[in-house]
Amino acid sequence: KAEDSGKIYVIRFGEKRPYANLRVALSMVDAGKMVVTQERHLFNYPNGEAIRFPNYALIETPDHERYLLVGEKKRRFASSQVFRTLGFNTDEIVEATEDDLTAYEDGPDITKTTRYAVGILAKDQRQNLWYIEDGARHTIPHASLVHLYFRGWPVKRLTAKEISAFRVGEPYQLHDGELVRLKGDAAVYVMEHGERRPIPSAEAFEGFGWNWKNVVTLPKVVMDDYPLGEPLSSYTSPSPPVSLTLR
């Protein structure tokens, strides 16, 4: 966040993309993890397309195509009947032009067989936790990830048979950009592409603009799932995620 201008950006692959407004930003970003800086410190990053719509916005274009926006992707509804059958509400549709959607990649179409397009948190009879989205089940290996990314989500109870009907996806992982430490250890890491990159010093940590309150302490059983990556230096920074969302 640029403190002087009030603008909020996500920086990814060396490019800064502004959020259209605070509402859009907060649909995708944990406000407590924003790095506050001055606009002048962002001048060296070229401008990318603005992020105009909140996550999970329902969009209709002039040619009457309807889309669900999920992260950086737009997912087209196969038909108006599919839209209605899956329980989406026309009152929530936002009109937009094709140009408004150019920054979004094409995701898979939403059809009558699509299940849980916006994702659910589920628990089976053995108390295993799952994130289910778009027909795939992702095991949640530890309750700490639920606290991080699914706080306040309702839990849907499903039988083992119902769970097994979904295809197996990758286990749910820590998000890129998460600051983590092992319980009982002072070393702090930043997550990037499934690895934990050591932060060499407190000075380096603060130089990146991070806040100590955002460091998450995790048990060894979670940390062991992530191999060590290259340590950060004062001249490199991790590739920030598209967003630090609750999912």
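Note that the structure is predicted; figures quoted are calculated from it, not measured.

Draft legend 1. Representation of the overall build of the protein chain in the model. Of the regular secondary structure elements, the protein chain holds six helices and 16 strands. Counting contacts in the protein chain only where the partners sit at least 6 residues apart, residues at least 24 apart contribute 68% of the total. Accessible surface, the protein chain: about 14,000 Å² in total, of which carbon and sulfur atoms supply 50%. Once the 32 positive and 34 negative side-chain charges of the protein chain are each reduced to a mean point, those two points are 7 Å apart.

Draft legend 2. Geometry of the nonpolar core. In terms of nonpolar packing, the biggest core is built from 19 residues, with Ile140, Tyr149, Phe150, Leu174, Val180 and Leu218 touching the most fellow members. Elements that contribute at least two residues to this core include exactly β9 (129-133), α3 (143-149), β14 (188-192), β16 (216-218) and α6 (220-223). For this core, the leading source of residues is α3, giving four residues. By size, the runner-up hydrophobic cluster in this structure holds 17 residues, among which are Val24, Ala25, Met34 and Leu69.

Draft legend 3. Molecular detail of the environment of Lys213. Locating Lys213 in the fold gives a position in the loop between α5 (202-207) and β16. Look at Lys213 and you get exposed, because its relative accessible area is 63%.

Draft legend 4. Layout of the pairing of β14. Burial analysis of β14 places five of its five residues in the buried class, the great majority of the element. Side chains Val188, Val190 and Glu192 project from β14 onto one buried face, and the interleaved Tyr189 and Met191 project onto a second face that is buried too. Pairing of strand β13 (residues 179-182) with β14 involves three bridges; the strand directions are antiparallel. Considered in β14, the bridge of Leu179 is made with Val190. In this structure, the hairpin formed by β13 and β14 is closed by a connection of five residues, where Gly184 is found at a positive phi of approximately 85°. Relative to strand β15 (residues 195-198), β14 runs antiparallel, the two sharing four bridges.

Draft legend 5. Here's a closer look at the pairing of strand β1 (residues 9-12). When β1 meets strand β2 (residues 15-18), the two strands line up antiparallel, connected through four bridges. Its bridge partner being in β2, Ile11 is matched across the sheet by Lys16. What sits between the antiparallel neighbours β1 and β2 is a turn of two residues, in which Phe13 has the positive phi angle 55°.

What counts as what
- Every residue gets a number counted from 1 within its own chain, in the order that chain's sequence is written.
- Restriction of local features to residues with pLDDT of at least 70 applies here, the model being predicted, together with a cutoff of 80 or more for giving and counting side-chain atom pairs; totals for whole chains, interfaces and linings are based on all residues.
- As a rule here, side-chain values come from all non-hydrogen atoms in the structure, and water together with hydrogens is ignored.
- Per the convention used, a helix needs a DSSP run of H or I reaching at least four residues, while a strand needs a run of E reaching at least two, with both numbered from the N terminus.
- Note on contacts: a residue pair is in contact if any heavy atoms of the two residues lie within 4.5 Å.
- The method behind every accessible area is Shrake-Rupley, applied with a 1.4 Å probe, and residues are considered shielded solely by the protein chains displayed.
- His is not counted, nor are the chain ends, whereas Lys and Arg count as positive and Asp and Glu as negative.
- Just so you know, the charge point we use is NZ for Lys, CZ for Arg, CG for Asp and CD for Glu.
- To form a nonpolar core, buried Ala, Val, Leu, Ile, Met, Phe, Trp, Tyr and Cys residues must be joined to one another through side-chain atoms within 4.5 Å.
- Here's how the labels work: a residue is buried when its accessible area is under 20% of the maximum for its type, exposed when over 50%, partly exposed in between, all with a 1.4 Å probe on protein chains only.
- One bridge is not enough; two strands pair if DSSP finds at least two bridges between them.

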